Amino acid sequence: MELFRKVDGLAEDIQKLQPAVDLWRKFIYCTSLSGSILGSVDHMQPQDFDKIVSPVSVAHFSQYKLVRLLLKRLENLGFHTCTPDMLQSLNQDMLWEKKILMGHECISLHPTDQGVMVGASFQKEGKMEERKFHCSILVASDGARSTVRNLVGINMKGEHDLQKLVSIHFMSKDLGQYLLQQRPGMLFFIFNPEAIGVLVAHDLNQGEFVLQVPYYPPQQKFEDFSSKVCKQIIFKLVGWEPVDVEVVDIKPWAMHAEVAEKFVSCNNRVILVGDAAHRFPPAGGFGMNTGIQDAHNLAWKISSLLNNIASPSIIQTYEVERRPIAISNTNLSVQNFKAAMSVPTALGLDPTMANSVHQVINSSIGSILPSSMQKAVLEGIFSIGRSQLSEFFLNEDNPIGSMRLARLRSIFHEGKSLQLQFPAEDLGFCYLEGALVADGGNRTLETEAASGHRSGPRDYIPSAKPGSRLPHMQVRALNASFSKDIFSTLDLIPGDKLEFLLIIAPVEKSYDLARSTLKVAEEFKVSLKVCIIWPEGSSDKQETGSGTKLDPWTNHIDVEEIKRSSSKSWWELCHMTSKGFILVRPDEHIAWRSDSDTLDNIVPEVERVLSLILGVEKSCV
Ligand SMILES: Cc1cc2nc3c(=O)[nH]c(=O)nc-3n(C[C@H](O)[C@H](O)[C@H](O)COP(=O)(O)OP(=O)(O)OC[C@H]3O[C@@H](n4cnc5c(N)ncnc54)[C@H](O)[C@@H]3O)c2cc1C
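Just so it is clear, the structure is predicted and the values come from calculations on it, not from any experiment.

Thresholds applied
Residues numbered from 1 in each chain as written. Predicted model: local features only at pLDDT ≥ 70, side-chain atom pairs only at ≥ 80, totals over all residues. Heavy atoms only, no water. Near = heavy atom within 4 Å. Polar contact = N/O pair within 3.5 Å; in protein donor to acceptor, adjacent residues only side chain to side chain. Areas by Shrake-Rupley, 256 points an atom, 1.4 Å probe, with all protein chains shown as cover. Helix = DSSP H or I, 4+ residues; strand = E, 2+ residues; numbered from the N terminus. Nonpolar A, V, L, I, M, F, W, Y, C, P; charged D, E, K, R; others polar. Buried < 20%, exposed > 50% of the residue type's maximum accessible area, 1.4 Å probe, protein only. Pairing = 2+ DSSP bridges. Contact = heavy atoms within 4.5 Å. Core = buried A, V, L, I, M, F, W, Y, C linked by side-chain atoms within 4.5 Å.

A. Quick peek at the site of the ligand. Around the ligand sit 18 residues, and of these Gln 63, Cys 106, Asp 275, Met 288 and Asn 289 come closest. Within the backbone of Gly 285, one N or O atom sits 3.2 Å away from an oxygen atom of the ligand. Between the ligand and Met 288 there is a distance of 2.8 Å, counted from an oxygen atom to a backbone nitrogen or oxygen. With the chains in place, 57% of the 1000 Å² that the ligand exposes on its own is no longer accessible. Going through the elements one at a time, strand 5 (105-111) and helix 7 (287-306) are the ones with two or more residues in the shell around the ligand. When residues in the shell around the ligand are grouped by element, the largest group, three residues, is from helix 7. Split into classes, the residues belonging to the shell around the ligand amount to five nonpolar, ten polar and three charged.

B. Structural detail: the pairing of strand 10 (residues 187-191). Extensive coverage of strand 10 is indicated by the burial of five of its five residues. When strand 1 (residues 26-30) meets strand 10, the two strands line up parallel, connected through four bridges. Bridging across to strand 10, Ile 28 finds its partner in Phe 188. One ladder, built from five bridges, connects strand 10 with strand 11 (residues 196-203); its direction is antiparallel. Opposite Leu 187, over in strand 11, you have Val 200 as the bridge partner.

C. Quick peek at the environment of Gly 615. Within the secondary structure, Gly 615 sits in the segment after helix 16 (602-614). Aside from chain neighbours lying at most four places away, what touches Gly 615 is Ser 311, Ser 313 and Leu 610.

D. Up close: the nonpolar core. Formed by 63 residues in total, the largest nonpolar core has its most connected members in Leu 502, Ile 504, Leu 583, Ile 613 and Leu 614. Leaving out residues up to four positions away in the same chain, Ile 504 has contacts with Ser 510, Tyr 511, Leu 513, Ala 514, Val 530, Cys 531, Ile 532, Ile 533, Trp 571, Gly 580 and Phe 581. Of all hydrophobic cores here, the second largest spans 29 residues; its members include Leu 23, Phe 170, Phe 209 and Val 238.

What follows is the structure, given as structure tokens:
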């Protein structure tokens, strides 16, 4: 959502169009949608709405709706969506620039001296045809089964086929209305003797749902999940039969925990992003978020390369920075998946047992049985397992049932079930090396902050360590014309321009540093803005602002910090002193920081830093 704030009002549109937060803030665990509630976890805290750590809150929005909004933004930028039929009437030699070609599938690629020749198949009058395109860079965002990844021979590393599931997309206004009134929530984990499933309520007002049901091939086949069978499963999980259930789509998918061995191939010409580069359990909402961050990390680097500001080696820093984040988010998603499994395990339904039973049936001993019998054995064992969920068994009067219910209560109470928000990872992820100048940081201050009062293990601790996202703080423009009076430090970086930002305090040595940096940036043909952060209360004084201090350069802005409840100044928030300065990249990540009075030879130092970040020597610029 922070990144979408920069895309032409996209975050605002999502906030307007998403369901009200009270309709999705809870995860509910129950025996059916109308049966007993085993537990309910509210994932929103009052501070989530206060905009202290971020200018924007989490959102709940269906991916297909997001894709529509993204296409609209591209159209606003002059892109045209074309179907193969529309293209037939156009000239073969037409410019492909700014065209979104629907119905085209990448089927081949060949590296050339200048880039990549890509073959795309499309349907013409019922027959498949192929069209060739030459591109200087090919960004493969073709999903978990990426053809491009396979064509360039990049392997995935990690755990394969953790679980097979069927995804059932259905509509039911009756069910939506019922849940709106009785138990609104986003995720419903449903366990009963007849069926088990996880229901994602996409929009209760519209009655739009996606149900996830585990299945075990080859004994259970995807083809067995007809629309009729899916409706029966839905009814078992709902506990009554909504008459208006309409199954829209049924799809199988497999859960993996894998990251590509390389993100960049063919001499920096082919680049994997999103699920093409990593695929992990959808526990914690990291899949698409990680993919969007990949694209954001890559965009300014491609732009720098195409604008001759950076060398091709900057593309390598994409892999150096993003691959460790993908690995870390994969591990976290696996941990989250295990946290989600703690609930069925407490209910006596250990999912690892189900997988073991399945493995035994698939093994040489089990496979001696005819396939119909294998299926019957598997379903029989699962049915015995599910029978433990009956109200006859799972109640306070039954010693085992009562013990299991107590274990469930402690899982929810201790926050050990699946969580919705991960601020330490969502906002606090940090690149350790890449297009940045790593430093040891101010360990004492940062360690103190980390060991201070924290409400949970996953709090986000703002940091100005190189590689971190720039911390958010609200600031007020002092003298420059800015579109808003009060805005976030994140807004100091434009979303539509390749520009670095230097943040300083109004200190003589820092002005010296800023002038030198502006001069060197000009030599490197890099756009740089300087932001001077003044302490709170500066606007009340007669003379404020940097005035002529940065002459002859004009690209600077004076702002005043607005302290929030933490009452920390900007530099305290960054664990630095006001002698410090921070250089921020166009993707809002910190490239370099230091104390201005520790630098003697400023110009060569800034030259060294920009050379490192952009992979160019000053003489080559
Ligand atoms: C049940 C479930 C719940 C999830 N929930 C969340 C969540 O809450 N939050 C979150 O962040 N993530 C979530 N995810 C993960 C998220 O859906 C994926 O990470 C995300 O869709 C990946 O986006 P992508 O663009 O990389 O790939 P995809 O969305 O798979 O898009 C790939 C696109 O490439 C096209 N394509 C494929 N092959 C070719 C080819 N050869 N040539 C041209 N085009 C091609 C496809 O048609 C498709 O349009 C969830 C996933 C699942 C399965």
